[in-house]
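Coordinate analysis (summary)
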Amino acid sequence: MINYKEEIIRLKEEKNIVILAHYYMRDEIQELADYIGDSYYLSKIGLDVPHDIIAFCGVHFMAESAKILSPHKKVLLPNMNATCSMVEMATKKEVLKLKEKYKDAKIVSYVNSSTEVKSISDACCTSSNAYDVIQNIDAEEIIFVPDQHLGSYIQEKVDHKRIILWNGFCCVHHNIRAKDVLHYKEKANQELQILVHPECRAEVRDLADFVGSTGQMIQYVGQRNEKDFLVVTEEGIFYELKNKYPDRRFHSLNILCGPMKCITLQDLYECLLYEKNEIILEESLREKAEKSLVNMLTLSEKK
Ligand code: 13P
Ligand code: SF4
């Protein structure tokens, strides 16, 4: 019987492989990762680490983004079935068609998009920096793809610009309704701070004390004195929340993202052992997509 945990630790040291994991990964994967974070953090950390090989425990577009930004590194995805369905909701052809209608608009794509869509975007963004990117980009009109909910959330905060929305969504967060949150609150019958991911519908965001990316939610808890938090996002986030704040209580709506959960310890072990499932991108496409990710990094840091 293979002891996956021991073997993963041995292999990553022997081969000098860095393991990155998103907050939605299974607990046992997060436990073994060298770095855990939200999409924005993970896109940057891949650039900074000195390792030549990255095992990216997240969904495909995240590993692809790491490869776009670090083309000389070998980026491995432990399970090729880890794909985000939102990515399929916008194709390059469809986006270019919309652009014909709004010639002066700039295209901002959520990082949950394909490399092709990134290659025709003026900038990318994640949920933690979408506001800064849209605020700082030099355009009054922005075509925002694919997530309608994140787009409409930013539109509420940036009223001097026009955001042309796409009709994509995250099937996990889109399914949550206001009544689910209200029902939980009623049952709990106590004070709860409500934290909501911006991929949720407006009716759910409107009930929130705080709206933000996974990383921002974790930070927010650290700034509060309250004890009880209802965290409206994928339940992998509870691993870090409980580790970081053992004195708080976290309440869950049992929200699960199947593709995020499909990466197992066995997948990670085999990925390190055989260095399999490498992300390969065509160079001219990668270069174009890189510009939109580099613009994201610049626009999100700009004051
Ligand atoms: P974060 O950037 O908040 O980690 O979100 C990633 C994601 O896919 C949310 O569904
Ligand atoms: Fe995609 Fe939603 Fe899963 Fe995030 S939670 S990876 S947006 S399906």
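Here's what I pulled together on the structure shown here. (Residues numbered from 1 in each chain as written. Chains lettered and ligands numbered in written order. Predicted model: local features only at pLDDT ≥ 70, side-chain atom pairs only at ≥ 80, totals over all residues. Heavy atoms only, no water.)

1. Observations regarding the site of ligand 1
Using the following cut-off: In these notes, residues near a molecule or strand are those with any non-hydrogen atom within 4 Å of it. Two N or O atoms form a polar contact when they lie within 3.5 Å of each other; inside protein one atom must be a possible hydrogen donor and the other a possible acceptor, and for residues adjacent in sequence the pair counts only when both atoms belong to side chains. Each accessible area value is a Shrake-Rupley result obtained with a 1.4 Å probe; residue values ignore everything except the protein chains displayed when judging cover. Residue polarity is assigned by list, with Asp, Glu, Lys and Arg as charged and Ala, Val, Leu, Ile, Met, Phe, Trp, Tyr, Cys and Pro as nonpolar; anything else, Gly included, falls into the polar class.
Taken together, His22, Tyr24, Asp38, Ser39, Asn112, Ser127, His173, His197, Glu199, Ser213 and Thr214 form the complete shell of residues around ligand 1. The side chain of His22 places a nitrogen or oxygen atom 2.6 Å from an oxygen atom of ligand 1. Between ligand 1 and Asn112, the relevant distance is 3.4 Å, taken from an oxygen atom to a side-chain nitrogen or oxygen of the residue. Burial of ligand 1 by the protein chains amounts to 96% of its free accessible area of 300 Å². Residue composition of the shell around ligand 1, by class: one nonpolar, eight polar and two charged.

2. Considering helix H10 (residues 178-188)
Threshold: Between buried and exposed lies partly exposed: a residue is buried under 20% and exposed over 50% of the maximum accessible area for its type, with that area taken using a 1.4 Å probe on protein chains only. Strands are runs of DSSP state E lasting at least two residues, helices are runs of H or I lasting at least four, and both sets are numbered from the N terminus onward. Directions pointing from the helix axis toward each C-beta atom define the arc. Note on contacts: a residue pair is in contact if any heavy atoms of the two residues lie within 4.5 Å.
All of the buried residues in H10 are Ala178, Val181 and Tyr184. Seen end-on, H10 carries its buried residues on one side only, within an arc spanning 135°. Exposed side chains of H10 directed beyond 90 degrees from the buried face belong to Lys179, Glu186 and Lys187. On its buried face, H10 sits against strand E9 (193-196), helix H11 (202-205), strand E11 (228-232) and strand E12 (249-252). Of the residues one or two after H10, Asn189 is the one with positive phi, at around 50°.

3. Regarding helix H8 (residues 148-157)
Three or more residues of H8 are buried, namely His149, Leu150, Gly151, Tyr153 and Ile154. At the N-terminal boundary of H8, the capping side chain belongs to Asp147, with an oxygen 3.2 Å from the backbone nitrogen of His149.

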